[in-house]
Amino acid sequence: MDFLFRDLHLFADGNEIAQGCRLSLTAEETLSLRPALQRLEILDLSDSSAALLSGARSLEIRNGDSILAFGTPSEILTRAVSGKHLTSAVFSSGLALWESSVSLSLAAGLKVSDTIRKLLEASGCGVPLAAFAAEDAAFLRPQAFFGRTCDALDLLARRVEADAFLSSAGVCVSGRNAREPALILPESALAAPPVLSGSRLILTTTMLGWPLGSFVRAEWQGNAWTGRLVSRLIQADNRDGPWRSELELEVM
């Protein structure tokens, strides 16, 4: 498998910009609703692309059809470096959700997934519940929520032994109990031997938007590990800089 095929595309509000420019991305995701700051550097961005970038409400960086990073821009700066223009865009996913709050009372009998949907609707942030992979217990008593939306979502996830986090499709809830792997990473998908440290396994993989929260089976030279994907680090430069994708598995 070609681990050095440096294919990056930048989309601002769904429109591709910066074609032909050097792009350098640093991004990290964890099983959390806390927005992680991510950074993209663009060399010699055209005036038309710069105008679209400065007014963008959302950014996506893709490798082929795979979304490597996404979010809302919080800072865009351009400076001169060795006679060229270097534009830096700092962006983060889930800022609207992180800053939202709710005041909501719910009747008894709702399941956890339905409660999360009600909270997201009440928050007004426009983020849906995209996936729920945990025990969907029902509440026997009425529920009341007042305060930050993310605090309420974290509390609900913990009640069913799960973690809430944000994907490009919306909020996801990933149960901590072991289940059948949804992804198989054969040796051909790994660029280096896995590194085991306690209950964590670090994998260097092909440059894909591997889905957090998934249970993964990784194979290397006759050995196999199964665990939940709890974090992902990407350093991607479409010219000659770093090109690295690392996954952290919580081994079961």
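The following refers to the structure shown. (Residues numbered from 1 in each chain as written. Predicted model: local features only at pLDDT ≥ 70, side-chain atom pairs only at ≥ 80, totals over all residues. Heavy atoms only, no water.)

## What to know about the pairing of strand β6 (residues 66-81)
Part 1 of the reasoning: Pairing of strand β5 (residues 59-63) with β6, which is carried by 5 bridges, proceeds in the antiparallel orientation. Across the sheet, residue Glu-60 finds its bridge partner in β6, namely Phe-70.
Part 2 of the reasoning: Hairpin connection between β5 and β6: a loop of 2 residues separates the two successive antiparallel strands, and Gly-64 in this loop has a positive phi of roughly 65 degrees.
Part 3 of the reasoning: Pairing between β6 and strand β7 (residues 84-92): 9 bridges, direction antiparallel. Considered in β7, the bridge of Thr-78 is made with Thr-87.
Part 4 of the reasoning: Between β6 and the antiparallel strand that follows it, β7, lie 2 residues; Ser-82 among them carries a positive phi value of about 50 degrees. (Pairing = 2+ DSSP bridges. Helix = DSSP H or I, 4+ residues; strand = E, 2+ residues; numbered from the N terminus.)

## Remarks on the environment of Phe-70
Part 1 of the reasoning: Of note, Phe-70 is situated in strand β6.
Part 2 of the reasoning: Assessed through its relative accessible area of 13%, Phe-70 is described here as buried.
Part 3 of the reasoning: Each C-alpha atom of the pair Phe-70 and Ser-92 lies 7.1 Å from the other, and the pair is 22 residues apart in sequence.
Part 4 of the reasoning: Apart from residues no more than four positions distant in its own chain, Phe-70 is found in contact with Glu-29, Gln-38, Leu-59, Glu-60, Phe-91, Ser-92, Ser-93, Leu-166, Ser-167 and Ser-168. (Buried < 20%, exposed > 50% of the residue type's maximum accessible area, 1.4 Å probe, protein only. Contact = heavy atoms within 4.5 Å.)

## Here's the deal with helix α4 (residues 149-159)
Part 1 of the reasoning: Here α4 has its buried residues at Thr-149, Cys-150, Ala-152, Leu-153, Leu-156 and Ala-157. The arc enclosing the buried residues of α4, seen along the axis, measures out at 160 degrees, which places them on a common side.
Part 2 of the reasoning: Those residues of α4 that are buried lie in contact with α2 (95-99), β8 (101-106), α3 (112-123), β10 (143-148) and β11 (162-167).
Part 3 of the reasoning: In the segment just after α4, Glu-161 is the residue with positive phi, at about 55 degrees. (Arc of directions from axis to C-beta.)

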